[in-house]
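Structural description and commentary
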Amino acid sequence: MNERHHGIGMTSARTRERLIDRLKSEGVTNLAVLDRLRAVPRHLFVDEALASRAYEDTALPIGFSQTISQPYIVAIMTEALLAGAAGKKLTRVLEIGTGCGYQTAVLAPFVQHVYSVERIQPLLQRARGKLAELKISNVSLRHADGWHGWRSQAPFQGILVAAAPEQVPPELCEQLDEGGCMVIPIGGRGRQTLRLSGQ
């Protein structure tokens, strides 16, 4: 991996390690997930002007009124999805809301194939470029309304939803495999709760 991926100064290994220590203190326990967050160069997924803040445990703007998710949220959602699989290798996972591709990059090694849907075309194009740069190839991206899922590729053993609807979209439930697990924040704007639901 080149210097751009490793980062310098505020994006260095020491800065990343502080983030991992914080995530541990917040209750993230899956060591494989923590290792993956340590390895993914989050500074590549934000504007250069914000690179010095990339390893803070906070959401950051990525344009189009969207944000890159807080690392803690990425960690607990990934951890919850893997826990829901109960040790089984996840073959097909649907991600709703590709955004900048950061969550996709964190999730990719744990899944045989990730199917990710994003409604904002420029974000999708940018994410495609970043994932290619990191040589992450087990991902299919689609420009569409994520609430409809990706029916032609269903069923999915896992569904991970970045956006927070008021209730679980029924179309997504229909695309979840038997015994599958969906991780979704519920509540829209304001107070949200993370829900784990299965078939």
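Residues numbered from 1 in each chain as written. Predicted model: local features only at pLDDT ≥ 70, side-chain atom pairs only at ≥ 80, totals over all residues. Heavy atoms only, no water.

Regarding unusual backbone geometry
Among all residues except glycine, the phi angle is most often negative; among peptide bonds, the trans geometry is most common. As a reminder of what qualifies: Secondary structure elements follow DSSP: runs of H or I of four or more residues count as helices, runs of E of two or more count as strands, with numbering from the N terminus.
A cis amide bond, omega 5°, links Ala154 with the succeeding residue Pro155. Looking at the secondary structure, you find Pro155 in the loop between β5 (139-143) and β6 (156-161). Even without glycine at this site, Ser65 takes up a positive phi of about 60°. Along the chain, the position of Ser65 falls in the loop between β1 (60-63) and β2 (66-68).

Considering the side chain of Thr98
Note the following rule: Every residue pair with non-hydrogen atoms within 4.5 Å of one another is taken to be in contact.
Here Thr98 is to be found in the loop between β3 (90-96) and α5 (102-107). Apart from the residues within four sequence positions on either side, Thr98 is in contact with Thr104, Ser116, Val117, Glu118, Leu124, Ala127 and Leu141.

Some thoughts on the nonpolar core
Formally: Side-chain atoms within 4.5 Å are what join buried Ala, Val, Leu, Ile, Met, Phe, Trp, Tyr and Cys residues into a set we call a nonpolar core. Buried residues are those whose accessible area, probed at 1.4 Å on protein chains only, stays under 20% of the maximum for their type, while exposed residues exceed 50% and partly exposed ones sit between those limits.
If you look at the biggest cluster of nonpolar residues, it comprises 47 residues, and the most contacted ones within it are Leu23, Leu37, Phe45, Ile68, Leu81 and Tyr102. Counting residues per element, this core draws most heavily on helix α4 (residues 71-84), which supplies seven residues. Aside from chain neighbours lying at most four places away, what touches Leu81 is Leu90, Val93, Leu107, Gly158, Ile159, Leu160, Cys181 and Val183. Within the second largest apolar cluster, 14 residues are counted, among which are Val117, Val161, Val168 and Ile184.

A word on the pairing of β1
We apply this condition: Being paired, for any two strands, means DSSP has found at least two bridges between them.
Strand direction decides the pairing type here: β1 and β2, joined by three bridges, are antiparallel. Looking at the pairing, Leu60 lines up with Ile68 of β2. Between β1 and the antiparallel strand that follows it, β2, lie two residues; Phe64 among them carries a positive phi value of about 60°.

Focus on the packing of helix α2 (residues 13-25) against helix α3 (residues 31-39)
The test is simple: Lines fitted to C-alpha atoms define the axes here, with helix axes fitted over just the stretch in contact, and angles between the N-to-C directions of these axes take values from 0 to 180 degrees. Roughly parallel refers to an angle under 35 degrees, roughly antiparallel to one over 145, roughly perpendicular to one between 65 and 115, and oblique to any angle outside these ranges. Less than a right angle of anticlockwise turn of the near helix away from the far helix marks a crossing as left-handed, whereas a clockwise turn marks it as right-handed. Residues are grouped as follows: Ala, Val, Leu, Ile, Met, Phe, Trp, Tyr, Cys and Pro are nonpolar; Asp, Glu, Lys and Arg are charged; all remaining types, including Gly, are polar.
It is at 9 Å that the axes of α2 and α3 come closest, and there the two elements cross at 150°. On the basis of their axis angle, the class for α2 and α3 is roughly antiparallel. As α2 packs across α3, the resulting crossing turns out to be right-handed. Taken together, the residues of α3 that come into contact with α2 (itself represented by Arg16, Glu17, Ile20, Leu23 and Lys24) are Leu34, Leu37, Arg38 and Ala39. In terms of residue class, the contact of α2 with α3 is built from five nonpolar, no polar and four charged.

Quick look at the packing of aromatic side chains
How we decide: Two rings from Phe, Tyr or Trp (for Trp, the six-membered ring) form a pair when their centres sit within 6.5 Å of each other. Planes less than 30 degrees apart are called stacked, planes more than 60 degrees apart edge-to-face, and all others tilted. Consider the ring centre and the ring normal. A charge sits over the ring if Lys NZ or Arg CZ is within 6 Å of that centre and within 35 degrees of that normal.
Counted under the stated rule, the structure contains three aromatic pairs. Linked through ring pairs, Tyr115, Trp150 and Phe156 together constitute an aromatic cluster. Of note, Arg42 hangs over the ring of Tyr102, and the distance from its end group to the ring centre comes to 5.4 Å.

A short note on α3
The line we're drawing: The directions considered for the arc are those from the helix axis to the C-beta atoms. Two N or O atoms form a polar contact when they lie within 3.5 Å of each other; inside protein one atom must be a possible hydrogen donor and the other a possible acceptor, and for residues adjacent in sequence the pair counts only when both atoms belong to side chains.
The set of residues buried in α3 consists of Val33, Leu34 and Leu37. Buried residues of α3, viewed axially, fall in a sector of 100°; they line one side. The opening residue of α3, the one whose side-chain oxygen lies 3.0 Å from the backbone nitrogen of Ala32, is Asn30.

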